[in-house]
Amino acid sequence: MAVSLQESSASQVSRALTSLLNGVELSVRLSLDCCEITIEHATQLAELLGVRPVVAFYLRGSVLPEGFIAAIAEVLPTCVSLKEIDLRWCSLNNADASALAHALPFSNLEELLLGNNCISTEGLKELIRSVSQSHTVRVLDLQNNDATLTDAAHLQYLFQEKNALQTVFLEGNRIPTKTLQYLVPFIVKNTSITKLSLSYPGGVSSQLKGLIGSVGMRNSLLAQMSRLCVVDKKVEMVQTLTEEDYDDWGKLSLTPKPESELGDLI
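Definitions and limits used
- Residues numbered from 1 in each chain as written.
- Predicted model: local features only at pLDDT ≥ 70, side-chain atom pairs only at ≥ 80, totals over all residues.
- Heavy atoms only, no water.
- Helix = DSSP H or I, 4+ residues; strand = E, 2+ residues; numbered from the N terminus.
- Buried < 20%, exposed > 50% of the residue type's maximum accessible area, 1.4 Å probe, protein only.
- Contact = heavy atoms within 4.5 Å.
- Areas by Shrake-Rupley, 256 points an atom, 1.4 Å probe, with all protein chains shown as cover.
- Core = buried A, V, L, I, M, F, W, Y, C linked by side-chain atoms within 4.5 Å.
- Salt bridge = Lys/Arg side-chain N within 4 Å of Asp/Glu carboxyl O.
- Axes fitted to C-alpha atoms, helices over the stretch in contact; angles between N-to-C directions.
- Parallel < 35°, antiparallel > 145°, perpendicular 65-115°, else oblique.
- Nonpolar A, V, L, I, M, F, W, Y, C, P; charged D, E, K, R; others polar.
- Pairing = 2+ DSSP bridges.
- Right-handed = clockwise from strand over helix to strand, strands pointing away.
- Phe/Tyr/Trp six-rings, centres within 6.5 Å; stacked < 30°, edge-to-face > 60°.
- Lys NZ or Arg CZ within 6 Å of the ring centre and 35° of its normal.
- pLDDT = per-residue confidence, 0-100.
- Polar contact = N/O pair within 3.5 Å; in protein donor to acceptor, adjacent residues only side chain to side chain.

Of the regular secondary structure elements, the protein holds nine helices and 10 strands. When each of the 266 residues of the protein is scored for burial, the buried share is 50%. Partitioning the intrachain contacts of the protein with sequence separation of at least 6 by distance along the chain shows that 81% fall at a separation of at least 24. Carbon and sulfur atoms provide 51% of the accessible area of the protein, an area that totals close to 12100 Å².

The next subject is helix α4 (residues 94-103). By the criterion of burial, α4 is predominantly enclosed, with seven of the 10 residues buried. Among all positions of α4, only D96, A97, S98, A99, L100, A101 and A103 are buried. Of the surrounding secondary structure, the elements contacted by the buried residues of α4 are α3 (68-75) and α5 (121-132).

Within the largest apolar cluster, 65 residues are counted, with the highest numbers of intra-cluster contacts made by L30, F57, L87 and L127. Of all elements in the fold, only α1 (10-22), β2 (28-31), α2 (39-51), β3 (54-58), α3, α4, α5 and α7 (177-189) reach the threshold of two or more residues within this core.

Now for the pattern of salt bridges. If you walk through the whole model with that rule in mind, you get seven salt bridges. For E111, the salt bridge is made with R138, and the minimal N-O distance between the two is 3.7 Å. With E111 in strand β5 (residues 111-113) and R138 in the loop between α5 and β6 (139-141), this pair connects stretches of sequence that are 27 residues apart. Using a relative accessible area of 26% as the deciding quantity, one classes R138 as partly exposed. Ionic pairing is found between K125 and D151, a salt bridge with its closest N-O pair at 3.7 Å. A residue pair is termed long-range when its members are at least 10 positions apart, and K125 in helix α5 and D151 in the loop between β6 and α6 (152-155) qualify at 26 residues. We classify D151 as partly exposed; its relative accessible area is 31%.

In contact at an axis separation of 8 Å, α4 and α5 are set at 10° when each is read in the N-to-C sense. Between α4 and α5, the angle is such that the two are roughly parallel. On the side of α4, the interface is formed by N94, A97, S98, L100, A101 and H102, while α5 contributes E122, G123, E126, L127 and S130. Residues of the contact of α4 with α5, tallied by class, amount to four nonpolar, five polar and two charged.

Once that is clear, we can look at the pairing of β2. In this structure, strand β1 (residues 2-4) lies alongside β2, joined through three bridges in parallel fashion. Across the sheet, S4 pairs through a bridge with S31, a residue of β2. Inspection of the sheet shows β2 paired to β3 by four bridges, in the parallel sense. Bridge pairing in β3 links S31 to Y58. In terms of handedness, the path from β2 via α2 over to β3 forms a crossover that is right-handed.

So, on to the pairing of β3. Along β3, four of the five residues are buried, which leaves the element largely enclosed by surrounding structure. As defined by bridge partners, β3 adjoins strand β4 (residues 84-86) across three bridges and the pair is classed as parallel. Paired with F57 across the strands is I85, a residue of β4. With respect to chirality, the unit in which β3 leads through α3 into the neighbouring parallel β4 is right-handed.

Now for the packing of aromatic side chains. Under the counting rule described, the total for this entry stands at one aromatic pair. When the centroid spacing of 5.3 Å and the interplanar angle of 35° are considered together, the rings of Y182 and F186 count as tilted. With a gap of four residues between them, Y182 and F186 both fall in helix α7, about one helical turn apart. The class for Y182 is partly exposed, based on a relative accessible area of 37%. Over the ring of Y58 we find R60, and its NZ or CZ is 4.8 Å from the ring centre.

Model confidence for the protein is summarised by a mean pLDDT of 78, while 74% of its residues fall at 70 or above. Low pLDDT, under 50, characterises residues 201-266; the predicted model gives this stretch 125 contacts beyond four residues in sequence or across chains.

Here the focus is the side chain of Q44. By the secondary structure assignment, Q44 is in helix α2. Q44 sits in the buried class, given a relative accessible area of 15%. At 3.3 Å, the side chain of Q44 and the backbone oxygen of S14 are in polar contact. Setting aside its immediate chain neighbours within four residues, Q44 contacts S14, L17, T18 and L21.

Given below as structure tokens:
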């Protein structure tokens, strides 16, 4: 059962959560996008997660009060039905990231969407380490948090075969070229991740041609490179990066460049 309350007031959200608590026991996908959220809703939602089979909840674009995420994170390990959380554009901070990170390894979450928030470097590092210890998280979206990720050894955790990750979005966070150089062999060897975005406007340059030799890539593969990404298990790079490479949703445009345009990358 899908329940959508987009752009609803605090009182409307309260009534809906109360109704779900008293309703029949059905699997619920709950959308509270762009709603007026209070700390009282955290108590109601935590209770709902504990007694009803909520499989997903979405709070995209809702400004969450202090302590909201901590209250939800506290009950995550007991929410066996919950598979997906979407908290994009919720102004989450490092404290929120830390609360989620502590709960993730003990939860059954499969998709964690935290893109376009205010999580800085330390918060992202906590989340990355936590997700690497999870055996269920398949999709991780941390894009556009404007963090600087220089710790290659830490990022390496994402590419360990023992976790369940299949899709990782880190675009919009600064990842220096030297860090990428370290990561490329691990990315190439990983067989489970099929979609990976690590790009940052102005942060990827022709210096990446040095990565080519380090992983023994062939010219036939170079002809399809547009960014340092893994898409359908192909490593791709870009010689130049422009604003035109992004569509309206901030996702990557992965149109392969012809070999003639790759210049001295070949």
